[in-house]
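Topology and contacts: notes
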Amino acid sequence: AIIMNRFWKRTLAAVLALGMAVSLTACGGGGLSSFDATKYVQGILDENYLGKFDDDFLEMVDSTASEAEEIYTHNLEVEADYFGQVFEIDDMSGDTLDATMELYRKIYANSKFTVDPATKVDDSTFSVKVTIEPIDVFHLVAEEFAKLDTDEELTSPAMKEFSEKYVDIDVTNMTDEQYETYLADFEVDWTKMMLALTEEKIPEAGHLEAKSILIQVAKDEDGIWGIPDDDFNNLDMMIIDYNFSIS
């Protein structure tokens with residue numbers, strides 16, 4: 001039987017291995033075909049970013065809907081942790097983690113990608129072109145922050161409320177206890193504002209210019225087929241565009 005490796009998504013910059021190999025029963029032991037490689041890549045993308053997994057894909061990788069849902073949910077959690085890193089949110093747990101995961105469920109629903117038919121390179125490698133239209137939601141978030149530097153009127157209710165609360169606070173005369181309380185309150189309000197601001201921008205979000213990437217479906221020395229970690233990581237970083245700056 002042909003064996004395919006399925007994986008978790010990256011944690012920050014690294015792809016985490018799912019740690020299970022599953023039989024690709026759809027091939028009937030006759031070798032991996034270009035059709036199979038294409039279907040596998042499409043299924044992995046649908047599973048990771050859209051939370052979709054049809055019966056044919058689950059049969060191909062000898063998996064279940066609950067296992068696929070677990071992978072999708074884990075991906076949301078990993079991306080939520082990344083959100084915390086990007087926006088300097090220290091406590092990404094509990095209700096904050098749940099809210100951020102739900103935020104990414106909505107963002108990923110806007111994922112746009114197409115998978116071209118796989119091309120066989122040799123007996124252990126297929127090449128697959130994937131075209132992605134990166135989601136630009138965080139560019140919209142950055143544009144709202146940029147208004148603070150130009151005195152342009154804020155359009156975000158969440159940003160307005162946060163700005164009005166903190167813009168004129170003078171911390172120089174605070175006692176240590178007052179300053180600690182201020183920092184704790186600021187962290188809570190900053191987290192709430194970033195989640196609310198991003199949520200506000202999701203309906204306005206669009207896509208940047210389409211980009212294409214070639215990834216491999218390759219067989220390793222143990223005979224396990226899968227997408228190499230670097231290929232998946234490079235593709236993953238294209239789904240949502242994080243190339244923005246906030247002053």
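This report concerns the structure included in the present document.

Re the overall build of the protein chain
A tally of regular secondary structure across the protein chain gives eight helices and seven strands. Counting all 247 residues of the protein chain, 44% fall into the buried class. Here the protein chain displays about 12600 Å² of accessible surface, and carbon together with sulfur accounts for 47% of that area.

Thoughts on the environment of Asp 123
Among the secondary structure elements, Asp 123 is positioned in the loop between β4 (119-122) and β5 (125-133). The class for Asp 123 is exposed, based on a relative accessible area of 62%. Taking C-alpha positions, Asp 123 is 9.1 Å from Ala 218, a pair spaced 95 residues apart along the chain. Discounting residues that sit within four places of it in the chain, Asp 123 has contacts with Lys 219 and Trp 225. A polar side-chain atom of Asp 123 sits 3.4 Å from a polar atom in the side chain of Lys 120.

Digging into the pairing of strand β6 (residues 211-219)
Relative to β6, β5 runs antiparallel, the two being bridged by eight bridges. Note that in β6 the partner of Ile 132 across the bridge is Lys 211. Alignment of β6 against strand β7 (residues 224-226), held across two bridges, turns out to be antiparallel. Bridged to Ala 218 within β7 is Gly 226. The turn linking β6 back onto β7 is made up of four residues, and Gly 223 within it adopts a positive phi angle of 80°.

Examining the packing of aromatic side chains
Applying the stated rule across the entire model yields 22 aromatic pairs. For the pair Phe 126 and Trp 225, a centre-to-centre distance of 5.8 Å together with 50° between the ring planes defines the contact as tilted. Of this pair, Phe 126 sits in strand β5 while Trp 225 is found in strand β7, placing the two residues 99 residues apart along the sequence. On the accessibility criterion, Trp 225 (4% relative accessible area) is buried. Grouped by ring-pair contacts, the aromatic residues Tyr 49, Tyr 82, Phe 83, Phe 87, Tyr 104, Tyr 108, Phe 113, Phe 138, Tyr 242 and Phe 244 constitute a single cluster.

Examining a negative patch on the surface
A cluster of acidic residues, Asp 54, Asp 55, Asp 56, Glu 59, Asp 62, Glu 67 and Glu 70, forms a negative patch at the surface. Contributing elements (two or more residues each) for the negative patch: α2 (55-60) and α3 (65-86). Sort the elements by how many residues they give to the negative patch and α2 lands first, with three residues. Along the chain, Asp 62 falls in the loop between α2 and α3.

A short note on the nonpolar core
Formed by 62 residues in total, the largest nonpolar core has its most connected members in Phe 83, Val 130, Phe 138 and Val 217. Residue contacts for Val 130: discarding those within four places in its chain leaves Val 41, Leu 45, Phe 113, Thr 114, Val 115, Lys 211, Ser 212, Ile 213, Ile 215 and Leu 235.

Side note on unusual backbone geometry
Here Asp 62, not a glycine, exhibits a phi torsion of approximately 50°, which is positive. If you check the backbone angles, Glu 88 has positive phi at about 55° while not being a glycine. With respect to the helices and strands, Glu 88 occurs in the loop between α3 and α4 (94-108). Judged by relative accessible area, Glu 88 falls into the exposed class, the value being 63%.

Conventions adopted
- Residues numbered from 1 in each chain as written.
- Predicted model: local features only at pLDDT ≥ 70, side-chain atom pairs only at ≥ 80, totals over all residues.
- Heavy atoms only, no water.
- Helix = DSSP H or I, 4+ residues; strand = E, 2+ residues; numbered from the N terminus.
- Buried < 20%, exposed > 50% of the residue type's maximum accessible area, 1.4 Å probe, protein only.
- Areas by Shrake-Rupley, 256 points an atom, 1.4 Å probe, with all protein chains shown as cover.
- Contact = heavy atoms within 4.5 Å.
- Polar contact = N/O pair within 3.5 Å; in protein donor to acceptor, adjacent residues only side chain to side chain.
- Pairing = 2+ DSSP bridges.
- Phe/Tyr/Trp six-rings, centres within 6.5 Å; stacked < 30°, edge-to-face > 60°.
- Patch = residues over 30% accessible without salt bridge, like charges linked within 9 Å, V, L, I, M, F, W, Y side chains within 5 Å.
- Salt bridge = Lys/Arg side-chain N within 4 Å of Asp/Glu carboxyl O.
- Lys, Arg positive; Asp, Glu negative; His and termini not counted.
- Charge placed at Lys NZ, Arg CZ, Asp CG, Glu CD.
- Core = buried A, V, L, I, M, F, W, Y, C linked by side-chain atoms within 4.5 Å.

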